[in-house]
Amino acid sequence: MQVYLDNNATTMTDPRVVEEMIPFFSEMYGNPNSLHKFGTSTHPALKKAINQVYDALNASDDDDIVFTSCATESNNWVLKSVVSDLMNGSRKNHVITTEVEHPSILSTCKWLEEKGIKVSYLPVNEQGIVEAHTVKNFITDKTAIVSIMWASNETGAIFPIKEIGEVCKEKDVIFHSDAVQAIGKIPVDLQDVHVDFVSMSAHKFHGPKGVGALYIRDSQFLTPLLHGGEHMGGRRSGTLNVPSIVGMGKAIELATTNIEDTMAKIKEKRDRLEDAILEIDDTFVVGDRQNRTPNTILISIRGVEGESMLWDLNNDSIGASTGSACASEDLEANTVMLAIGADNELAHTGIRLSLSRFTTDAEIEYTIEYFKKAVKRLREISSSFAKQQPTEGGEVQECELHHH
Ligand SMILES: Cc1ncc(COP(=O)(O)O)c(C=O)c1O
């Protein structure tokens, strides 16, 4: 059996999505900007895809959805606009974000800092979220934008986006949310939340890779990242990726229709897996279940290095993930776990399991069995290894040991 439990990294493209995309490679391959019928024949499908995204998010007709190549692009686009906004005469040179954002936000913020922008990286509490009152305390009259994720890719923690949106509205500050890990996992209603920009990515909800979108309430603040042939009303140039856009439309529709029922089923499986893992001594799950995306578990197993666990599970054909990377020279702790207050040892033991609507009961049973076996084996090895290598360097070697 093969079990894929890394759905927060990417998902299988739903076969119904693939089917919908195929004609746009081979039959209706025209450029939508061309005036002949090869081009114009793609228009109804593009319009349908846009409407599918609008409907899935309950966006208003006055708002915009611009397709991009991925959420990384959408995040870069919004944040880099702070610099052009400054050059256009704005005096706002401050950005608020969190310590636990995806690298597409954090690396862009580092770049902004090099350009002279001040960035506040808000710490999260032990539940892995930032509360609205904390955001409020950091807003000044120099704050250009608040960028806070809707849900965490690592822990699944769901941020209080509605309350943060209210604070930003009250303070008249632009609010962007990276909703990559929320869309298709929890209901996202853009009429209910005051948010100016929302980033999303199709491959996280069983759509194709290489297509994302940015929801835009008011485009005045944005400067195009890609200049060119004035596609998408000049906001994002580049010939439209018609098959992928069509696929994204279908995928978001499938992922958000009956989301409560689908997620209840996933949550039931997730909770069963989580309960079984928690039967193992000295295991900890990050964040409470109710305020977490229903497919995600970030688990710590004291004494078992996350990378080792990952490779052991991989040997049993279970695909999981860890935030701590076994770099060639050193082991990095899971930064999100450090941010939520885990000690250094625990932050090396994070392992993330993320389910999807395609995860079966049999896969959960198989995972429970092999997960327990892996922990037992690794704890045995790790204790004998610790006796031989009592120094700090032991962790690095332990990681290498299990790599090979
Ligand atoms: C929270 C979050 N933001 C952004 C991204 C980047 O998405 P993409 O692969 O579409 O660039 C990811 C994907 O890992 C993510 O989990």
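If you're wondering where the values come from, they're calculated on a predicted model, not measured in any experiment. (Residues numbered from 1 in each chain as written. Predicted model: local features only at pLDDT ≥ 70, side-chain atom pairs only at ≥ 80, totals over all residues. Heavy atoms only, no water.)

Section: the site of the ligand
The local shell around the ligand holds 14 residues, among which Thr72, Asp178, Gln181, Ser201 and Lys204 are the closest. The separation between an oxygen atom of the ligand and a polar side-chain atom of His102 is 3.1 Å. One nitrogen or oxygen atom from the side chain of Gln181 is found 2.7 Å from an oxygen atom belonging to the ligand. Alone, the ligand offers 390 Å² of accessible surface; in the complex the protein occludes 88% of this. Judged by the proximity of its atoms to the pocket grid, the ligand belongs to the largest pocket. With three residues, the single largest contributor to the shell around the ligand is helix H5 (residues 71-87). Tallied by class, the residues present in the shell around the ligand amount to four nonpolar, eight polar and two charged. (Near = heavy atom within 4 Å. Polar contact = N/O pair within 3.5 Å; in protein donor to acceptor, adjacent residues only side chain to side chain. Areas by Shrake-Rupley, 256 points an atom, 1.4 Å probe, with all protein chains shown as cover. 1 Å grid on protein atoms, 1.4 Å probe; cavity = no way out; pocket = protein on both sides within 12 Å on 5 of 7 lines; lining within 4 Å. Sits in = over half its atoms within 2 Å of the grid points. Helix = DSSP H or I, 4+ residues; strand = E, 2+ residues; numbered from the N terminus. Nonpolar A, V, L, I, M, F, W, Y, C, P; charged D, E, K, R; others polar.)

Description of the packing of aromatic side chains
Counted according to the given criterion, the structure contains three aromatic pairs. Arranged with centres 6.1 Å apart and planes meeting at 35 degrees, the rings of Phe197 and Phe221 form a pair that is tilted. Placement of Phe197 in strand S7 (residues 197-201) and of Phe221 in the loop between strand S8 (212-216) and helix H9 (242-256) is noted, with a sequence separation of 24 residues between them. As far as burial versus exposure is concerned, Phe197 and Phe221 are alike and both buried. Above the plane of the ring of Trp111 lies Lys80, whose end atom (NZ or CZ) is 5.0 Å from the centre. Its end group placed over the ring of Tyr370, Lys373 keeps NZ or CZ at 4.8 Å from the ring centre. (Phe/Tyr/Trp six-rings, centres within 6.5 Å; stacked < 30°, edge-to-face > 60°. Buried < 20%, exposed > 50% of the residue type's maximum accessible area, 1.4 Å probe, protein only. Lys NZ or Arg CZ within 6 Å of the ring centre and 35° of its normal.)

As for the layout of surface pockets
Rolled over the atoms, a probe as big as a water molecule pinpoints where empty space is left. Estimates place the volume of the largest pocket at around 460 Å³. Surrounding the largest pocket, 29 residues form its lining, Glu101, His102, Pro103, Asn153 and Glu154 being those nearest its centre. Elements supplying a minimum of two residues to the lining of the largest pocket: H5, helix H6 (103-114) and helix H12 (335-339). Looking at the lining of the largest pocket, its residues break down into eleven nonpolar, eleven polar and seven charged. Summarising the domain contributions, the lining of the largest pocket has at least three residues from each of domain 1 (15-256) and domain 2 (258-403). (Points joined across faces, edges and corners; volume = space filled by probe spheres on them. Domains from an automatic or database assignment.)

Comments concerning the sheet that holds strand S3 (residues 94-98)
Strand order in the open sheet formed by seven strands is S2-S8-S7-S6-S5-S3-S4, and the pairing between neighbours is mixed. The sheet is open, and its two borders are formed by strand S2 (64-68) and strand S4 (118-122), each paired with just one other strand. Within the sheet, the average angular offset between the axes of one strand and its neighbour, ignoring direction, is 20 degrees. With three bridges connecting them, strand S5 (residues 143-147) and strand S6 (residues 174-178) associate as parallel partners. Note on S6: the bridge partner recorded for Ser147 is His176. (Pairing = 2+ DSSP bridges. Axes fitted to C-alpha atoms, helices over the stretch in contact; angles between N-to-C directions.)

Let's talk about helix H8 (residues 161-171)
Regarding H8, the residues found buried are Ile161, Ile164, Gly165, Val167 and Cys168. Down the axis of H8, the buried set is contained in an arc of 160 degrees. They therefore lie on one face. Across H8 from its buried face, at more than 90 degrees, point the exposed residues Lys169 and Glu170. The inward-facing, buried residues of H8 contact helix H7 (132-138), S5 and S6. Immediately beyond the C-terminal end of H8, within one or two residues, lies Asp172, with a positive phi of roughly 60 degrees. (Arc of directions from axis to C-beta. Contact = heavy atoms within 4.5 Å.)

Considerations on a negative patch on the surface
Taken together, Asp55, Asp61, Asp62 and Glu253 make up a surface patch of like negative charges. Here Asp55 shows up in helix H4 (residues 43-57). Owing to a relative accessible area of 63%, Asp55 belongs among the exposed residues under this scheme. (Patch = residues over 30% accessible without salt bridge, like charges linked within 9 Å, V, L, I, M, F, W, Y side chains within 5 Å. Salt bridge = Lys/Arg side-chain N within 4 Å of Asp/Glu carboxyl O. Lys, Arg positive; Asp, Glu negative; His and termini not counted. Charge placed at Lys NZ, Arg CZ, Asp CG, Glu CD.)

Thoughts on H5
Under the 1.5 Å per step criterion, the end-to-end length of H5 is 25 Å for 17 residues, consistent within 8% with the ideal 24 Å. Its axis deflected by about 25 degrees at Ser81, H5 carries its strongest bend there. Counted residue by residue, H5 has twelve buried out of 17 residues, so it is predominantly covered. Restricting attention to buried positions, one finds in H5 the residues Ala71, Glu73, Ser74, Asn75, Asn76, Trp77, Val78, Leu79, Ser81, Val82, Val83 and Ser84. Just downstream of H5 lies Gly89, where phi reads positive at about 110 degrees. (Expected span 1.5 Å × (residues − 1). Bend = angle between axes of the 7 residues up to and from the residue.)

With respect to the sheet that holds strand S9 (residues 283-285)
With antiparallel pairing, three strands are arranged side by side in an open sheet as S9-S10-S12. The open sheet terminates on both sides in strands that have one partner only, identified here as S9 and strand S12 (350-354). The mean inter-strand angle of the sheet, taken between neighbouring strand axes irrespective of direction, is 25 degrees. Bridge analysis of S9 against strand S10 (residues 296-301) gives three bridges, and the strand direction is antiparallel. Pairing of Thr283 across the sheet is with Ile301, part of S10.

Quick word on the domain arrangement of the protein
Here the domain parsing of the protein yields domain 1 (15-256) and domain 2 (258-403). Look at where the C-alpha atoms of domain 1 and domain 2 centre, and you get two points 30 Å apart. Counting from both sides, the interface comprises 26 residues of domain 1 and, opposite them, 23 residues of domain 2. Around 2,100 Å² of area is buried between domain 1 and domain 2 when both sides are counted, 58% of it from carbon and sulfur atoms. Connecting domain 1 to domain 2 are zero salt bridges. Those elements that place two or more of their residues in the side of domain 1 that touches domain 2 are helix H1 (15-21) and H9. Sorting elements by how many residues they give to the side of domain 1 that touches domain 2 places H9 first, with three residues. (Buried area = accessible area lost by both parts, 1.4 Å probe.)

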